[in-house]
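As a plain string of letters, each chain reads:
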Amino acid sequence: MKTTLIFLFLTSFCFAAQDSAIVRFANGDKLSGNAIALNMDTLTWESELLKDQARFKLNQILDLQLPSKMDNKSAEEAGHEAILELTNGDSVKGLLVGLNDNEIRIKTWYAGELVFRRLNVKSIAISKNSRVLYRGPLGMDGWTLSGEEGTWTFENNELLSKSTGSIGREINFTDEVKISYDVSGKAMMRTKLIFFATDIKTATPNTGYEVLFQGSMIRIRRLSDNNWLDTKRISRQFQANEKSNIAIQISRKSRKIMILIDDQLQGIWEEDALETSTGKGLQFLAEGTTEMAVSNILVTEWDGFVDESLAEELEVLDPRVRMLNMQMNRGGMQMETPPEPAELPEGRMMLSNGDTLEGEVLGIEGEMIKIKTPFAEVVFPVHRINNIALKKANLETPKLYNGDVRAVLADGSKFVFRLDDVKDGKLIGFSQNFGRAEFVQSAFKRIEFNIYPKPKAN
């Protein structure tokens, strides 16, 4: 689609005070400091490394990283979380409060109620908000280091590795638990995490499970006997990422481990010994001098539901990985064969217990949803549904405009919009998906510029 150019002549937008931000440039350079003002062409920046404020051309800037924080109270009071996947690739999270043939409404903690055009929404996924076991980091309190002091530090709401060593804390894990976190840095795909450890004072505990992200592969090791479970391949689009969200879902009841990167399933492991694992330790391990940053750590209860149809996202292991599995499991190969995809028929919704329901949504009131089925009208909590069946529609994709930016928020929402103003701690803008909105500035983790390919010269 040809990019349409717009020309706006606006005064500078003034940002609220920040603890620390980072601007990254197209050539790979980055500079910490504070964003002072922004207009359609220029970012005004101050830094301890600069004598005076500097102005940078936006066409030279890759993104602006801001210190973000969530309104945890509002997020946790909601009984469910809806994830709207839009036709342009955006993903927006919130509380589903309304749905009809023309619009879909969600309530957010960062912009109040947003109303989306039905024609711009591809799908709606629902998950139950679970009890939070840990959310952070908020500092070094409660964390235990192995190795020398300073191996890990706390900066800009991140745990930052400086050299080889581990950092860990004890968490009262439930039988079914989800561990998610953001990881960034050049060492992102050479990282380790240990869960269910019984000793967090050492980087090599005798019990628990070590998850190793190594280039194109994910490997899990049972520390009690040093046996490796199956190796899985990481989808190619994540291997070159500088930052991703990792989610590890563990069930002692079903004895399964699921790992997702940026919400995309990478593998399912079956492990009988999970049932008797009792360790409380969660550890992050760094190797070498390459910096790695861990942030937005969230440990919650999990409902334990494994949607096997997600396995269609997995790639078949190549011969090199098969050989590695054979070497690690001397008794022979122990590879999982991905199950056949199980697509839901049109008009069917999957419930949280794995059952399916055919019907049409009649309305939503509070946390309750009313659905008309072929047999009767039923009412039950929204969080009991995994997806909303939307009526067929001729979907539309928003046009591309030169003034668009892409935002990534603290809760993982990401969307394209036109930034019109910044004032009183709010970012104000317009989206073709949901119209004009005012966003809490502290909700923004990253703002990306120059998001569309430049038109080729004739």
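Residues numbered from 1 in each chain as written. Predicted model: local features only at pLDDT ≥ 70, side-chain atom pairs only at ≥ 80, totals over all residues. Heavy atoms only, no water.

A.B. asks: What am I meant to see in the nonpolar core here?
C.D. replies: Most often, soluble globular proteins keep nonpolar side chains buried together rather than apart. Counting residues in each nonpolar core, the largest one holds 59 residues, and the members touching the most others are Tyr110, Ile124 and Ile388. By residue number, the principal contributor to this core is strand S35 (residues 414-423), which donates four residues. Non-local contacts of tyrosine 110, meaning those with residues more than four positions away in its chain, are made with Val92, Lys93, Leu409, Asp411, Ser413, Phe415, Glu438, Phe439, Val440 and Ala443. Within the second largest apolar cluster, 38 residues are counted, among which are Ile167, Phe173, Val177 and Leu282. (Core = buried A, V, L, I, M, F, W, Y, C linked by side-chain atoms within 4.5 Å. Buried < 20%, exposed > 50% of the residue type's maximum accessible area, 1.4 Å probe, protein only. Helix = DSSP H or I, 4+ residues; strand = E, 2+ residues; numbered from the N terminus. Contact = heavy atoms within 4.5 Å.)

A.B. asks: I would appreciate a short explanation of unusual backbone geometry in the present structure.
C.D. replies: Residues glycine 136 and proline 137 are joined by a peptide bond in cis, for which omega reads 5°. Take proline 137: it is sitting in the loop between strand S12 (132-136) and strand S13 (144-145). Here the phi dihedral of arginine 255 falls at roughly 60°; this positive angle occurs in a residue that is not glycine. Mapped onto the elements, arginine 255 comes out in the loop between strand S23 (243-251) and strand S24 (256-261).

A.B. asks: How do you make sense of the sheet that holds strand S30 (residues 360-365) when you look at a structure like this?
C.D. replies: Where strands meet in a sheet, backbone hydrogen bonds hold them as pairs that are either parallel or antiparallel. Pairing within the open sheet is antiparallel, and its three strands lie in the order S30-S31-S32. Strands with a single pairing partner mark the edges of an open sheet, and in this sheet they are S30 and strand S32 (377-381). Across this sheet, the average inter-strand angle for adjacent strands is 25°, counted without regard to direction. Of the pairings in the sheet, the one linking S30 to strand S31 (residues 368-372) comprises five bridges and is antiparallel in character. Considered in S31, the bridge of isoleucine 364 is made with isoleucine 369. (Pairing = 2+ DSSP bridges. Axes fitted to C-alpha atoms, helices over the stretch in contact; angles between N-to-C directions.)

A.B. asks: Help me out: how do you make sense of the packing of aromatic side chains in this one?
C.D. replies: Enumeration according to the criterion identifies 16 aromatic pairs in this entry. Judged by centre distance (6.2 Å) and plane angle (45°), the ring pair of phenylalanine 417 and phenylalanine 444 falls under tilted. Residue phenylalanine 417 is located in strand S35, and its partner phenylalanine 444 is located in strand S38 (residues 444-448); the two are separated by 27 residues in the primary sequence. We classify phenylalanine 444 as buried; its relative accessible area is 0%. Linked through ring pairs, Phe116, Phe415, Phe417, Phe434, Phe439 and Phe444 together constitute an aromatic cluster. (Phe/Tyr/Trp six-rings, centres within 6.5 Å; stacked < 30°, edge-to-face > 60°.)

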